[in-house]
Every structure is written in C-alpha cells, then in structure tokens.
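# Breakdown of the fold
Here is what each chain is made of, one letter per residue.
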Amino acid sequence: MMIKENILKIKEELPSAVKLVAVSKFHPVSELMEAYEAGQRRFGENRPQEFAEKVPRLPSDVEWHFIGHLQTNKLKLVLPYAYMVQSVDSLHLLQSVEAWLTANPVRKEPLRVLLEMHLGAEETKHGMSEEEICGILSEASNYPHVSFCGLMGMATNTDDQERIRSDFRRIASFREKVAVTYPDLPLNELSIGMSNDWRIAVGCGATIVRIGTAIFGPREY
Ligand SMILES: *Cc1c(COP(=O)(O)O)cnc(C)c1O
C-alpha cells in the first residue's frame, strides 16, 4: 500500500496553512487506519451510513468532515459526529439541520458548516447560487446552532485547466466578498480542490483540499 507515501508526498507540496481532508469514501477502515498511522487526522466521507459506521472504528481524535449530499432523513447519522458539514447545498437542508440540532442537543458547540456553491458547468451538480448563499448569510442569526465557516465548491469536470481555474477564482472572489459583507461571521474557509485539481485550487486560495484517489487509489463502486 502506498497510502503513507501518497500522504507524505502531498503534505510536502501542500502549504502548511492548507488543511488536507483525506476522502476515504468506499475504502475500508484498514486503509483509513493506515492513513491515521501516517499522521492523517482529517477524513471526509460522503454517504451517511458509511460515515456513521466508520466513526466509532477510528480513534476519537479524528476530525470527520461530511462532504456529500445529505438528505434530511439521514441527519442523525451525521450531525452528532461531524466536525464540519462541508456540503450544505440548500436552504431546506440548512433549516432541517438547525431544527434537528435544536431538538437534539448532542453537541457542545455549534456545528461548523460550509455552504456549497454551484460552480461547475454540470447541471447535475449540487450547490447554491450566489443569491441563495447571500440570502442565507443575511439571515445567519436564524441558525444559532450553526457556525458559517466558509464555502465549498467543485470545479467543472474537465481537463481544461483554465476552465477549472476560472471556476475556482469565481468562488474565491465570492468568498472574499461575503467575508467583507458579513464581518461578524467566520467565513474563512475555502474548500476547493480534489485529486486532479488541488494544485490549481491552492493557487486560487484554497484553505482546505479534499483528496481521495491520490491518497487511497481508485474507488471500487
Ligand atoms: C469524492 C470526493 C472528493 C475526492 O475526489 P478525488 O478525485 O478522489 O480526490 C472530493 N470532494 C467531494 C465532494 C467528493 O465527493
């Protein structure tokens, strides 16, 4: 297994201020443990059931990031354990998260979330428009159980580096804009960049990269 080598190689190149989330979806706990033993502490999963099954099987100092589409009937599998939910992709989900956390006071501190912005050319991708995100942030006080930490996005799935760069620049400048508009919110995080485009993302100001394949190898679906 090359997991340790892959992590060390990425860490060598990644500026130390940028946080690496190892995207471990579809990979067995034994491989996550290999990453853990190489020093990796942040893991990302995108399916609630798999997330909830893995959490108790790793040491408790792991920081778990949920990065997938979250249906409102699956909140109990994710919200008690997540360090951060990076993929809040609708007003409806946000309202459901706030209501669930109000009814289930299982956390000591507010849940960190990133608002997912629709970036890529693909209609099928999840995420919100700039208008929807501004609407939410202007009413942030409606969500006392949530801490708005920044934005997440996925670039167009393409080999065209300029297209990817322009997607990332758009979300980066939008994050700067909302951080100025809402100075009371801690909108510091910009989660962009995956295995194939994380270097571009770092150049565009990523504070978090989400890397799966380049650490664990291809997924078997
Ligand atoms: C799977 C996934 C990743 C990691 O993708 P790789 O190309 O394997 O690095 C990153 N972000 C999200 C939201 C994902 O679903």
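Residues numbered from 1 in each chain as written. Predicted model: local features only at pLDDT ≥ 70, side-chain atom pairs only at ≥ 80, totals over all residues. Heavy atoms only, no water.

## Remarks on the overall build of the protein chain
- Within the protein chain, the regular secondary structure consists of nine helices and eight strands.
- For 221 residues, the compact-globule estimate of 2.2 N^0.38 gives 17 Å, and the C-alpha radius of gyration of the protein chain, at 17 Å, lies within 12% of that figure.
- Projected onto its principal axes, the C-alpha positions of the protein chain cover 45 × 40 × 30 Å.
- A burial count over the protein chain gives 51% of its 221 residues as buried.
- Taking as baseline every contact in the protein chain between residues at least 6 positions apart, the subset at least 24 positions apart corresponds to 59%.
- Taken together, the 25 basic and 30 acidic charged side chains of the protein chain have centroids lying 3 Å from each other. (Helix = DSSP H or I, 4+ residues; strand = E, 2+ residues; numbered from the N terminus. Rg over C-alpha atoms; globule rule 2.2 N^0.38 Å. Buried < 20%, exposed > 50% of the residue type's maximum accessible area, 1.4 Å probe, protein only. Contact = heavy atoms within 4.5 Å. Lys, Arg positive; Asp, Glu negative; His and termini not counted. Charge placed at Lys NZ, Arg CZ, Asp CG, Glu CD.)

## Quick word on the pairing of strand E2 (residues 42–45)
- Note: strand E1 (residues 19–23) against E2, two bridges, orientation parallel. Considered in E2, the bridge of Val23 is made with Gly44.
- Handedness of the crossover is the feature at issue here: the chain leaves E1, passes through helix H2 (residues 29–37), returns alongside E2, and the resulting connection is right-handed.
- In this sheet, strand E3 (residues 63–66) lies alongside E2 in parallel orientation, the contact comprising four bridges. The partner of Arg42 across the bridge, within E3, is Glu63.
- Crossover handedness for the path E2 to helix H3 (residues 48–54) to E3: right-handed. (Pairing = 2+ DSSP bridges. Right-handed = clockwise from strand over helix to strand, strands pointing away.)

## Considerations on the site of the ligand
- In the neighbourhood of the ligand, the contacting residues comprise Val23, Lys25, Ile67, Met154, Met194, Ser195, Arg210, Ile211, Gly212, Thr213 and Arg219.
- Note that an oxygen atom of the ligand is positioned 2.7 Å from one of the side-chain N or O atoms of Lys25.
- One nitrogen or oxygen atom from the side chain of Arg210 is found 2.9 Å from a nitrogen atom belonging to the ligand.
- Computed on the free molecule, the ligand has an accessible area of 390 Å², of which 91% lies beneath the protein chains in the complex.
- Class assignment of the residues belonging to the shell around the ligand gives a composition of five nonpolar, three polar and three charged. (Near = heavy atom within 4 Å. Polar contact = N/O pair within 3.5 Å; in protein donor to acceptor, adjacent residues only side chain to side chain. Areas by Shrake-Rupley, 256 points an atom, 1.4 Å probe, with all protein chains shown as cover. Nonpolar A, V, L, I, M, F, W, Y, C, P; charged D, E, K, R; others polar.)

## Observations regarding the pattern of salt bridges
- One pass over the structure, following the stated rule, counts eleven salt bridges.
- The closest approach of N and O atoms between Lys54 and Glu45, which form a salt bridge, is 2.8 Å. In terms of burial, Lys54 and Glu45 fall into one category: buried.
- One salt bridge in this structure joins Glu162 and Arg165, with 2.5 Å as the shortest N-O distance. Of this pair, Glu162 and Arg165 both sit in helix H7 (residues 161–181), three residues apart, which is roughly one turn of that helix.
- Among the charged side chains, a salt-bridge network with shared partners connects Glu45, Arg47, Glu50 and Lys54. (Salt bridge = Lys/Arg side-chain N within 4 Å of Asp/Glu carboxyl O.)

## Let's talk about H2
- Every buried residue of H2 is accounted for by Val29, Glu31, Leu32, Ala35 and Tyr36. Buried residues along H2 cover an arc of 160° about the axis, so they all sit on one side. For H2, exposure combined with an orientation more than 90 degrees from the buried face picks out Ser30 and Glu37.
- Taken together, the buried residues of H2 touch helix H1 (3–13), E2, H3, E3 and helix H9 (213–216).
- The positive-phi residue at the C-terminal boundary of H2 is Gly39, with phi of around 105°. (Arc of directions from axis to C-beta.)

## Considerations on H7
- Compared with an ideal rise of 1.5 Å per residue, which puts 21 residues at 30 Å, H7 spans 30 Å between its outermost C-alpha atoms and is within 8% of the ideal.
- If you check which residues of H7 are buried, you get Ile164, Asp167, Phe168, Ile171, Ala172, Phe174, Arg175 and Val178. Projection of H7 onto a plane perpendicular to its axis shows the buried side chains occupying an angular sector of 160°, all on one side. Summarising the geometry of H7, the exposed residues directed more than 90 degrees from the buried face are Arg169 and Val180. (Expected span 1.5 Å × (residues − 1).)

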